[in-house]
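Chain by chain, the residues run as shown.
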Amino acid sequence: MCGIFAYLNYRVPRTRKEIFETLVKGLQRLEYRGYDSAGVAVDGPNSNEKNSSICLVKKRGKVKALDEELYKQDSMDLEAELDTHFGIAHTRWATHGVPSAVNSHPHRSDKNNEFVVIHNGIITNYKELKKYLQTKGYEFESETDTEVIPKLIKYVFDNWKSEYVSFSSLVERVIQQLEGAFALVFKSIHYPGEAIATRRGSPLLIGVRSKFDLSTEEIPITYNNTLPKSDFSEKVYDAAGSQESGASIGNFKHENNENDANRKQRLNSLTCLYSVGDLKAVEYYFASDASAIIEHTNKVIYLEDDDIAAVAEGKLSIHRMNRLAGDDPSRAIQTLQMEMQQIMKGNFKAFMQKEIFEQPESVVNTMRGRVCFENNTVILGGLKDHLKEIKRCRRLIVIGCGTSFHAAVATRQILEELTELPVMVELASDFLDRNTPVFRDDVCFFISQSGETADTLMALRYCKDRGALTVGVTNTVGSSICRETSCGIHINAGPEIGVASTKAYTSQFVAFVMFGLMMSEDRISLQKRRLEIISSLQALPGQIKAVLALDSKIKELADELYKQRSLLVMGRGFNYATCLEGALKIKEITYMHSEGILAGELKHGPLALIDKHMPVIMIIVRDACYTKCQNALQQVIARQGCPIIICSEDDPECMKNAYKTIEIPHTVDCLQGILSVIPLQLMSFHLAVLRGYDVDCPRNLAKSVTVE
């Protein structure tokens, strides 16, 4: 998804070159999110408080191209030192309008760049707003939904009749009119050195750095329940001509002077965060993701939906328009546990490759402090207080998208076995489309690496509204799903930068197995099964290392396959999810058609695809489905298929019938999917490299899908 990064230095002198470097580096840290163009907005040459200007630089393509373009700006003195400056930067993933410089962010209000904005999300009512603004004489230059935002704030500013209006009041009026999902950061020539950030449905956090102590560890939320009055009743109309429920956007009277004066006065009160040093020197970093901030500071504030964060005169305040029951009265400064080396490639060619090889450590981190191998117990601290309620439920619903959905499919069978409860596994988008019945005695799990996946987040709110207990399974502390669920499991896989998820999948897999083990601790009939699984979990990291040692052999197979146009991956039972996930990895980064097929369905259509030219990968391990998978293998061979088989070590039956084999260690059936998916992860990586594609940033895809 789009990446937001912004940097404000207040009384911390920085050269324009240093500011450019900070903005570009921030965008580079967000490249993994997926994008097709990039842009920045900085103060223009000779800008000052009395005569401010904004320079926009936008470029289609990679951040590197934008970086080169910045240094071609002849009017910019790169060595000029700026005591206070606010710059914004953005990577765009096209949703409305083709990838181009004019469609990329930041977007502007007019040719004088009075207001500029960067946006992550989708504005669903942009057509109505655009039509309204066009009737007021505002000209649009892009095809995007975002451009209505700077035009709208300019309209509100132009029609505000009082002598003074605060920047945050303008933004407040604008977001009242917006529908959809957004994270927004605003900059304006009318408010030099000031920054406004707000969010609804898309992630946004603020990092703080200062050599001096900060005034507080928690920023109290202030509220503005008095809306500005309008002197006429014009409102935005939709295409059908019906009046929208949002506030009017007309000419604003002087009654709002008092609100803005009070708000300005509050900047000097205890409701702000600021540096207590003599110069009040402080730096603020705004970003979609902590990975863009961690090299600068580990102190961050996560914004909640409808928060409006304002920085003026180096002081950060947060306010909301309305107080709701249950609202947290403050936003605490949190300390990131992420380390800088975790978001660096090291000696690997790509982040995806690094993350595949990190899996022996990541599964250990998922189990650390939770599985006690000495007394065979499993404790998930995040669920402990709700365990009785979960055991009393009538069914479990596991909801996710993409790889997270596959992790749910992979563990459904063992969850049903260990919990003795019915388990529904749902794709979040389909779950919402069907208006699925959810009841108060259901327990709903929401699984997402980023914790920000839009469809999963909407499904979470749908289930909360119906009274179900909600459980989050995420890899990102402080994410929306973490904050909005009743309880949860943090998978502790570490930062995952590659768009194609690898280590998060195996850690999600382990997390659900641990949940099943905790639920079955008091079931006498299941103790033998539990001990077998716990023993296998202990051996799992070593077995993953053994599979990774097959990398060179898998690369040799990739050398034979990379020119193919299609690839089938086939299995059943516990390994059906492995087929789906392996096929998805191949699709994502090699752009080769790939399909995961349930071996039991072979005769119901897919068998028509099999011939000597169709590459087939089969997963056949020694479990309850072994004989059935052997039957499917014979059907493939009978059609002159040349199957590559992922099989257990020392399986002469598979070796005899296979074109090639990848032999993996044997483990308990419910964990075999972790070992069998790793060869497919490696295969997809090598295929993508051989086909000449960017492994970490596949076309058209984003790491965190924060819009529907």
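Per chain, residues are indexed from 1 in the order of the written sequence. Since the coordinates come from a predicted model, pLDDT governs what is reported: local features require at least 70, and pairs of side-chain atoms require 80 or more to be given and counted, while whole-chain, interface and lining totals use all residues. Each side-chain value is derived from all of the structure's non-hydrogen atoms; neither hydrogens nor water enter the calculation.

A. View of the pattern of salt bridges. One side-chain nitrogen of Lys or Arg within 4 Å of one carboxyl oxygen of Asp or Glu is enough to make a salt bridge. If you walk through the whole model with that rule in mind, you get 35 salt bridges. Between Arg29 and Glu295 there is a salt bridge, with the nearest N and O atoms lying 2.7 Å from each other. Of this pair, Arg29 sits in helix 1 (residues 16-29) while Glu295 sits in the loop between strand 13 (282-287) and strand 14 (299-302), placing them 266 residues apart in sequence. Here the term buried applies to any residue with accessible area under 20% of the maximum for its type, exposed to any over 50%, and partly exposed to those in between, with areas from a 1.4 Å probe on protein chains only. Taking the relative accessible area as the measure of exposure, Arg29 reaches 15% and is therefore buried. Residue class for Glu295 comes out partly exposed when judged on its relative accessible area of 30%. Here Lys660 and Glu560 are joined by a salt bridge, their closest N and O atoms 2.6 Å apart. Residue Lys660 is found in strand 30 (residues 660-664), and its partner Glu560 is found in helix 16 (residues 551-561); the two are separated by 100 residues along the sequence. A relative accessible area of 30% places Lys660 in the partly exposed class. Each helix corresponds to a stretch of at least 4 residues labelled H or I by DSSP, and each strand to a stretch of at least 2 residues labelled E; elements are numbered beginning at the N terminus.

B. Fine view of the side chain of Ser109. Along the chain, Ser109 falls in the loop between strand 7 (107-108) and strand 8 (115-123). Taking the relative accessible area as the measure of exposure, Ser109 reaches 2% and is therefore buried. Polar contacts involving the side chain of Ser109 include one to the side chain of Asp110, which spans 2.6 Å. If we ignore the near neighbours within four places in the chain, the residues touching Ser109 are Glu114, Phe115, Pro150, Lys151 and Lys154. Pairs of N or O atoms within 3.5 Å make up the polar contacts considered here, provided that, within protein, one atom can donate a hydrogen while the other can accept it, and that residues adjacent in sequence are counted only when both atoms are side-chain atoms. We call two residues in contact whenever any of their non-hydrogen atoms come within 4.5 Å of each other.

C. Spotlight on the packing of aromatic side chains. Two rings belonging to Phe, Tyr or Trp (six-membered ring only in the last case) form a pair when the distance between their centres is within 6.5 Å. Interplanar angles under 30 degrees mark stacking, angles over 60 mark edge-to-face geometry, and anything in between is tilted. Per the stated rule, a full pass over the model turns up 15 aromatic pairs. Judged by centre distance (6.2 Å) and plane angle (55°), the rings of Phe115 and Phe167 are tilted. Of the two residues, Phe115 is situated in strand 8 and Phe167 in helix 5 (residues 167-177); the sequence distance between them amounts to 52 residues. What makes Phe167 buried here is its relative accessible area of 1%. Arranged with centres 4.6 Å apart and planes meeting at 10°, the rings of Phe167 and Tyr191 form a pair that is stacked.

D. Molecular detail of the pairing of strand 10 (residues 195-200). Of all 6 residues making up strand 10, 5 are buried, and the element is well covered by its neighbours. Pairing between two strands is assigned when DSSP locates at least 2 bridges connecting them. Sheet analysis places strand 10 next to strand 15 (residues 308-312), joined by 4 bridges and oriented antiparallel. In the sheet register, Ala195 faces strand 15, and the bridge partner there is Val311.

E. Looking closely at the confidence of the model for the protein. Per-residue confidence from the predictor is given as pLDDT, running between 0 and 100. Of all residues in the protein, 91% have pLDDT values of 70 or greater, and the mean over the chain is 89. Scored below 50 in pLDDT, residues 226-247 makes 49 contacts in the model with residues more than four places away or belonging to other chains. Long-range and interchain partners of residues 252-258, a stretch whose pLDDT sits below 50, account for 20 contacts in this model, where long-range means more than four residues apart.

F. Fine view of the nonpolar core. Among the nonpolar cores identified, the biggest contains 90 residues, and Leu396, Phe445 and Phe515 are the most heavily contacted of them. It is helix 14 (residues 503-519) that contributes the most residues to this core, 12 residues altogether. Every residue in contact with Leu396, bar those within four places of it in the chain, is listed here: Ile390, Thr419, Leu421, Pro422, Val423, Met424, Val443, Phe445 and Phe515. Counting residues in hydrophobic clusters, the runner-up holds 33 residues, among them Phe86, Val185, Ile219 and Ile333. We define the nonpolar core as a collection of buried residues of types Ala, Val, Leu, Ile, Met, Phe, Trp, Tyr and Cys that are connected through side-chain atoms lying within 4.5 Å of one another.

G. Examining the pairing of strand 25 (residues 487-490) more closely. Only one face of strand 25 is covered, namely the one carrying Cys487 and Ile489; the face carrying Gly488 and His490 has none of its residues buried. Alignment of strand 24 (residues 469-474) against strand 25, held across 4 bridges, turns out to be parallel. Looking at the pairing, Val473 lines up with Ile489 of strand 25.

H. Summary view of the sheet that holds strand 8. Taking strand neighbours across the sheet as the criterion, the 8 strands line up as 7-8-9-10-15-16-12-17 in an open arrangement whose pairing is mixed. Looking at strand neighbours, the two that pair on one side only are strand 7 and strand 17 (330-332), the edges of this open sheet. For helices, the fitted axis covers only the stretch in contact; all axes are lines through C-alpha atoms, and the angles between them, taken along N-to-C directions, range from 0 to 180 degrees. Each of strand 7, strand 8 and strand 9 (180-188) is contacted by helix 4 (residues 148-158), which is oriented at about 130° to strand 8, the strand it contacts most.

I. Region of the structure containing a negative patch on the surface. A contiguous patch of negative charge on the surface is contributed by Glu18, Glu21, Asp77, Glu79, Glu81 and Asp83. With respect to the secondary-structure elements, Glu21 resides in helix 1. Exposure above 30% relative accessible area and the absence of a salt bridge qualify a residue for a patch, where like charges join within 9 Å and nonpolar side chains (Val, Leu, Ile, Met, Phe, Trp, Tyr) within 5 Å. In short, Shrake-Rupley with a 1.4 Å probe defines the accessible areas, and a residue's cover is counted only from the protein chains shown. We score Asp and Glu as negative and Lys and Arg as positive, and we do not count His or the chain ends. Lys charges are placed at NZ, Arg charges at CZ, Asp charges at CG and Glu charges at CD.

J. Summary view of the packing of helix 4 against helix 5. Running from amino to carboxyl end, helix 4 crosses helix 5 at an angle of 120°, the nearest separation of the two axes being 9 Å. Considered as vectors, helix 4 and helix 5 are oriented oblique to each other. The handedness of the crossing between helix 4 and helix 5 comes out as right-handed. Contacts between helix 4 and helix 5 involve Ile149, Leu152, Ile153, Val156 and Phe157 on the former and, on the latter, Phe167, Leu170, Val171, Arg173, Val174 and Gln177. Residues are grouped as follows: nonpolar covers Ala, Val, Leu, Ile, Met, Phe, Trp, Tyr, Cys and Pro; charged covers Asp, Glu, Lys and Arg; every other residue, Gly included, is treated as polar. A class-by-class count of the residues in the contact of helix 4 with helix 5 yields 9 nonpolar, 1 polar and 1 charged. Any angle between 65 and 115 degrees counts as roughly perpendicular, while under 35 counts as roughly parallel, over 145 as roughly antiparallel, and the rest as oblique. Helix crossings are classified by the rotation of the near helix relative to the far one: an anticlockwise turn of less than a right angle makes the crossing left-handed, while a clockwise turn makes it right-handed.

K. Up close: helix 10 (residues 402-419). A helix's residues, less one, multiplied by 1.5 Å, set its expected span. Between the first and last C-alpha of helix 10 there are 25 Å, a value that for 18 residues agrees with the 26 Å anticipated at 1.5 Å per step. Taken as a whole, helix 10 carries its principal kink of about 45° at Thr411. A large share of helix 10 lies buried, amounting to 13 of its 18 residues. Downstream of helix 10 by one or two residues, Glu420 has phi in the positive range, about 55°. Note on bend: at a given residue it equals the angle between the axes fitted to the 7 residues ending there and to the 7 starting there.

L. Up close: the state of the cysteines. By disulfide we mean two sulfur atoms from cysteines, separated by a distance within 2.5 Å. Counted by the stated rule, this structure contains 0 disulfides. For the unlinked cysteine Cys2, the closest cysteine sulfur is that of Cys697, found at 14 Å. Here Cys625 is not disulfide-linked; the sulfur of Cys629 is the nearest cysteine sulfur, at 5.8 Å.

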